[in-house]
Amino acid sequence: EENLEERLAEIINNTYEKGGTLIIPSFAVERTQTLMYVIWKLKQKKAIPTMPMIMDSPMGANVLKVFEDNRDWHELKPEEYRGMCNAFRIVKSYKETWEIISKNEPKIVIAGSGMISGGRVLTYLQQYIGKLETTVLLAGFQAEGTRGRKLLEGASEVKIYGKEYPVEAEIINLEVLSAHADQKEMLDWMSEIENVPEKIFVVHGETTAAATFKEKVKERYGWEAEIPDLYSISEIPVTEPSV
């Protein structure tokens, strides 16, 4: 299995040696903070060179504030939290995004969204995806139909704001960071449900995986499962509580 720290250090060092920018499209909640923490730890250990480290996600910045206000929810010590945040330039304004882009130097940019379906990462990719020295690190599941999935599958061009951009950057997938539970984990989790559900709706996952999961639920638990069609409406009978 991939070692997250080792693999990330290798990717960062390779990008730095090329004189390029490492762009990490990232989900704002938890994934961004995990990446910040791991990269900060690598910097502490001197496993990666000194370079600008940027977190450009307004939602990601808001989540950092939630981390600060709710220290019982996570295992970061106050000094680790402060060290991690101080190591990064946390961007708020779109003007700052362009200031960062204008500087032609090796850097690490973490920006939303994780599947490149929107957010500040699009602005960075417009400017950098056509450069050979750029690395784009996909750090999580890429759903069918998203730009992230197209890049993962080797697209030679990607459309951003209506314009096609040639993909010259190196695209890397870091599977170790996928937060999605697999089929077995989901089925095991369901074993904890005490009351038999009247119906289960499978609303996440790709077509084949969803269909297989639906059958596994029926086979293992005998529960009725359904994959709803887009815009379909299901009526759920409400059982009145006994007094």
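This structure is a prediction, so every number in the text was calculated from the model and none was measured.

Describe in detail the sheet that holds strand β8 (residues 170-173), supporting the description with residues and values.
Spatially, β3-β2-β4-β1-β5-β8 is the arrangement adopted by the 6 strands of the open sheet, whose pairing is parallel. Among the strands making up the open sheet, the edge pair consists of β3 (89-91) and β8. The average angle at which neighbouring strand axes cross in this sheet is 20 degrees, direction not considered. As paired strands, strand β5 (residues 135-138) and β8 are joined by 4 bridges and run parallel to one another. Paired with L138 across the two strands is N173, which belongs to β8. Those strands touched by helix α1 (residues 4-18) are β1 (21-25), β4 (107-111), β5 and β8, and its axis lies near 165 degrees from that of β5.

Lay out unusual backbone geometry with the relevant residues and their values.
The peptide bond linking G112 to S113 adopts the cis configuration, its omega dihedral lying at 10 degrees. With a phi angle near 60 degrees, I116 is a residue other than glycine that sits in the positive phi range. When you line up the elements, I116 lands in the loop between β4 and α6 (121-128). The exposure class assigned to I116 is buried, which follows from its relative accessible area of 0%.

How would you summarise the packing of helix α3 (residues 58-69) against helix α4 (residues 78-87) if you had to cite specific residues and measurements?
Viewed as axis vectors pointing N to C, α3 and α4 meet at an angle of 160 degrees, and their least axial separation amounts to 11 Å. Accordingly, the angle class assigned to the pair α3 and α4 is roughly antiparallel. Regarding α3 and α4, the two cross each other, and that crossing is left-handed. From α3, L64, K65, F67 and E68 reach across to α4, where they touch Y81, M84 and C85.

Could you give an account of the packing of aromatic side chains, naming the residues involved and the relevant values?
Applying the stated rule across the entire model yields 3 aromatic pairs. Aromatic side chains Y94 and W98 sit 6.4 Å apart centroid to centroid with 80 degrees between the ring planes, which places their arrangement in the edge-to-face category. Taken together, the positions of Y94 and W98, both in helix α5 (residues 94-102) and 4 residues apart, correspond to about one turn of that helix. Assessed through its relative accessible area of 37%, W98 is described here as partly exposed. Ring centres 4.7 Å apart and planes at 20 degrees place the aromatic pair Y221 and W223 in the stacked group. By relative accessible area, Y221 is classed as partly exposed at 22%.

About the thresholds
- Residues numbered from 1 in each chain as written.
- Predicted model: local features only at pLDDT ≥ 70, side-chain atom pairs only at ≥ 80, totals over all residues.
- Heavy atoms only, no water.
- Pairing = 2+ DSSP bridges.
- Helix = DSSP H or I, 4+ residues; strand = E, 2+ residues; numbered from the N terminus.
- Axes fitted to C-alpha atoms, helices over the stretch in contact; angles between N-to-C directions.
- Contact = heavy atoms within 4.5 Å.
- Buried < 20%, exposed > 50% of the residue type's maximum accessible area, 1.4 Å probe, protein only.
- Parallel < 35°, antiparallel > 145°, perpendicular 65-115°, else oblique.
- Left-handed = near helix turned anticlockwise from the far one by under 90°.
- Phe/Tyr/Trp six-rings, centres within 6.5 Å; stacked < 30°, edge-to-face > 60°.

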